[in-house]
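Examination of the molecular architecture
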Amino acid sequence: METVLSGIRSTGNLHLGNYFGALKNFVQMQHSERCFFFIADYHSLTTHPDPSILHGNVKNVLSEYLAAGLDPDVATIYVQSDVPEVTELSLLLSMHAYVGELERTASFKDKIRKQADNVNIGLLGYPVLMASDILQHRATRVPIGKDQEQHLELTRRFARRFNQFYQVEYFPECQAYTFGGELVKIPGLDGSGKMGKSEGNGIYLSDSDAAIRKKVMRAVTDSGPVAPDSPMPEVIANLFTLLKVVSTPDTVEHFTTLWNRCEIRYGDLKKQLAEDIIGVIAPIRERIESIAGDEAYLSRVVKQGAEKARASASQTVADVRRIMGIKPF
Ligand code: TRP
């Protein structure tokens, strides 16, 4: 069994792309692997979010993941700042992380450009804290996007360096988890590339039915097929990709046939697509709302998660202290 750890940024709402991408895989995977899902609120402090919104963001993300099917009785779901052990591990590991290599990471260079007046130590140490998130549970698989590959490479480097320096085989080497390359790429509704939060082309798990209808009806299309069996342009193929994940095979076939016969009416296609997206999202949205409104439940979930995560992390910190020569009198 692998130990899988997924770190979730505590900003931004989940969209359909997240859901049909990683999230549905997590929901399955939690039953077969040892899974940790946590919300990286310490990391978000590097950009100085308003204290009055930080907690709300954490709560949103947590509610959405639970609503989407992560099960706190199966996986370990926790908030990073509820597990202070990670900060000690980060301090200990920072003794073997070199300023030069941290300064050279793409994310740090990017942040220097974006927040030139706030180049704080937390930003420089971001990869060390992230490595500590992973190594505290000695995770072997870490689902990440392209933008996090360099951080994972650093994690492996820190682990190897630690093992080598202290002549131990303590930290395992973690690998990116890619879902066997089967990840469905959900396109955006603007005809350009995939759905993403920065692109503003997303349908969110928290969107109302009306919002979903409006977004889908506004999706970019073209002037229609010109000849039977003409090649499908990307903007239309994108709508079909969405249809395939939310609709029945019959519906997909129906519209495919219409397309091939040059008889398709995009308005009908979009109406159907909107209703089928609503069919997926509405129950999730209702769960999000009921979970977010249940403070007692959320507090139980994070408490249980923190306990499980701390049990795993405190063992690692105790081992690392001992390996580094910190001993009780
Ligand atoms: N840096 C990750 C991101 O921005 C979030 C993160 C923090 C993370 N710690 C992690 C991801 C540990 C995976 C493992 O998306």
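Residues numbered from 1 in each chain as written. Predicted model: local features only at pLDDT ≥ 70, side-chain atom pairs only at ≥ 80, totals over all residues. Heavy atoms only, no water.

With that out of the way, let us pick up the overall build of the protein chain. Across its full length, the protein chain carries 14 helices and 5 strands. For the protein chain, the spread of C-alpha atoms along the three principal axes comes to 80 × 45 × 40 Å. Expressed as a percentage of contacts within the protein chain between residues at least 6 apart in sequence, the contacts between residues at least 24 apart total 78%. (Helix = DSSP H or I, 4+ residues; strand = E, 2+ residues; numbered from the N terminus. Contact = heavy atoms within 4.5 Å.)

This part is about the pairing of strand 1 (residues 3-8). Where a strand is regular, its side chains alternate between the two sheet faces. With respect to burial, strand 1 is a largely interior element, 5 of its 6 residues being buried. Sheet analysis places strand 1 next to strand 2 (residues 34-39), joined by 6 bridges and oriented parallel. Within strand 2, the position partnered with Leu5 by the bridge is Phe36. Tracing the backbone out of strand 1, into helix 1 (residues 16-29) and back to the parallel element strand 2 gives a crossover that is right-handed. (Buried < 20%, exposed > 50% of the residue type's maximum accessible area, 1.4 Å probe, protein only. Pairing = 2+ DSSP bridges. Right-handed = clockwise from strand over helix to strand, strands pointing away.)

Attention now moves to the side chain of Asn118. Following the sequence through the fold, Asn118 ends up in the loop between helix 6 (106-114) and helix 7 (121-124). The exposure class of Asn118 is buried, given its relative accessible area of 14%. Among the polar contacts made by the side chain of Asn118, one reaches the side chain of Asn120 at a distance of 2.8 Å. (Polar contact = N/O pair within 3.5 Å; in protein donor to acceptor, adjacent residues only side chain to side chain.)

Around the ligand, the neighbouring residues are Leu5, Gly7, Arg9, Phe38, Ala40, His43, Tyr126, Met130, Asp133, Ile134, Val142 and Gln148. Side-chain polar atom of Arg9 to an oxygen atom of the ligand: 2.9 Å apart, as the coordinates give it. Among the elements that line the shell around the ligand, the one with the most residues is helix 8 (residues 126-135), at 4 residues. Considering only residue class, the shell around the ligand consists of 7 nonpolar, 3 polar and 2 charged. (Near = heavy atom within 4 Å. Nonpolar A, V, L, I, M, F, W, Y, C, P; charged D, E, K, R; others polar.)

Now for the domain arrangement of the protein chain. Entries for the protein chain in the domain assignment read domain 1 (3-185 + 294-324) and domain 2 (209-289). Computed over C-alpha atoms only, the centres of domain 1 and domain 2 are separated by 36 Å. If you look at the interface, domain 1 gives 9 residues, while domain 2 gives 10 residues. Of the roughly 740 Å² buried at the junction of domain 1 and domain 2 (both faces included), carbon and sulfur atoms supply 81%. Taken as a group, Leu16, Phe20 and Ala67 account for 60% of the area that domain 1 buries against domain 2, more than any other trio of residues on that side. Where domain 1 packs against domain 2, one counts 0 salt bridges. Between the two partners, domain 1 and domain 2, sit 1 residue pair in polar contact (both at pLDDT 80 or more). Counting only elements with at least two residues in the side of domain 1 that touches domain 2, the list comes to helix 1 and helix 3 (51-68). Tallying contributions element by element places helix 3 first for the side of domain 1 that touches domain 2, with 4 residues. Looking at the side of domain 1 that touches domain 2, its residues break down into 6 nonpolar, 1 polar and 2 charged. (Domains from an automatic or database assignment. Buried area = accessible area lost by both parts, 1.4 Å probe. Salt bridge = Lys/Arg side-chain N within 4 Å of Asp/Glu carboxyl O.)

On to the nonpolar core, then. Membership of the largest hydrophobic core comes to 59 residues, with the highest contact counts inside it found for Ile203 and Ile277. Residue contributions to this core reach at least three from each of two domains, namely domain 1 (3-185 + 294-324) and domain 2 (209-289). The contact partners of Ile277, leaving out residues within four places of it in the chain, are Leu16, Ile203, Ile212, Val216 and Val246. Ranked by size, the runner-up nonpolar core spans 21 residues in total, among them Ala131, Tyr166, Phe171 and Val317. (Core = buried A, V, L, I, M, F, W, Y, C linked by side-chain atoms within 4.5 Å.)

Okay, the side chain of His43 next. Position of His43 among the secondary structure elements: in helix 2 (residues 41-44). For His43, a relative accessible area of 6% corresponds to the buried category. A polar contact is formed between the side chain of His43 and the side chain of Gln80, at a distance of 3.2 Å. Engagement of the side chain of His43 in a polar contact is seen with the backbone oxygen of Tyr126, the distance being 3.2 Å.

You can see Asp209 is positioned in helix 10 (residues 209-217). By relative accessible area, Asp209 is classed as partly exposed at 24%. Taking the C-alpha atoms as reference points, Asp209 and Ile278, separated by 69 residues in sequence, lie 6.0 Å from one another. When near neighbours in sequence (up to four residues on either side) are disregarded, Asp209 contacts Ile278, Ala282 and Arg285.

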